[in-house]
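# Inside the fold
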Amino acid sequence: MKLYVGWNGLGWTGDLPLYDADGNVAYNLSNKHKGPGPRRFVITDTAGNEVAVLQQKMSALLGKYILSRPGEKDVTIKRHLGANYEIKELGWVVKGNFKGHDYVAKDKSGNVKYVVSKSSVILGASTQFSSEEGVDVMLAVATLLAVECEMLQALGMGAGSAMATH
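Below or above, wherever it landed, is the structure these notes cover. (Residues numbered from 1 in each chain as written. Predicted model: local features only at pLDDT ≥ 70, side-chain atom pairs only at ≥ 80, totals over all residues. Heavy atoms only, no water.)

### Things to note about the nonpolar core
Core analysis: the largest hydrophobic core is formed by 36 residues, its most contacted members being Leu3, Leu18, Ile43, Ile87, Tyr114, Phe129 and Leu139. Ranked by the residues each element gives to this core, the list is headed by helix H1 (residues 138–154), at 10 residues. Not counting residues within four places of it along the chain, the set of residues in contact with Leu18 comprises Leu3, Tyr4, Val5, Asn24, Val25, Ala26, Tyr27, Ile43, Phe129 and Val141. (Core = buried A, V, L, I, M, F, W, Y, C linked by side-chain atoms within 4.5 Å. Buried < 20%, exposed > 50% of the residue type's maximum accessible area, 1.4 Å probe, protein only. Helix = DSSP H or I, 4+ residues; strand = E, 2+ residues; numbered from the N terminus. Contact = heavy atoms within 4.5 Å.)

If you want it as structure tokens, here you go:
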């Protein structure tokens, strides 16, 4: 599955649509962060049903984010040194470019599971999320959210604001 979002960088609050390949709104991404403390993001379908929640877990060291989806086991997206992340419960490693938002998730066998790329500009969107058949694209969306939160932390913005406008 492929989704697209208009992603302009830091400072986004409120809601942000995620588009399908035909330019239709497929999901809505909401930044539920209010004031200091951990960030929380909610993704809903077009009927307003919650399909995923990403919650930042505060830590003195590297970032940790819990992705919850109805009917699915929660997964943890955890940052390692550099721009590397791990989805522990799935045994996947996510590597990429911290500043460029180009990420690839692979399983233990090296098979690509999803890609987050800023290089595709389709329908006015600046970021593309692509997942392999049977892989929940919300994992890709959650990875970019985790990366943005970590970037804010690195810039000394703590657990304050979040990301983009459309």
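### Brief notes about the packing of aromatic side chains
Following the criterion strictly, the structure yields 2 aromatic pairs and no others. Ring geometry for Tyr85 against Tyr103: centres 6.2 Å apart, planes inclined by 75 degrees, an arrangement best described as edge-to-face. Of this pair, Tyr85 sits in strand E8 (residues 85–87) while Tyr103 sits in strand E10 (residues 102–106), placing them 18 residues apart in sequence. Of the two residues examined, Tyr85 and Tyr103, each falls in the buried class. (Phe/Tyr/Trp six-rings, centres within 6.5 Å; stacked < 30°, edge-to-face > 60°.)

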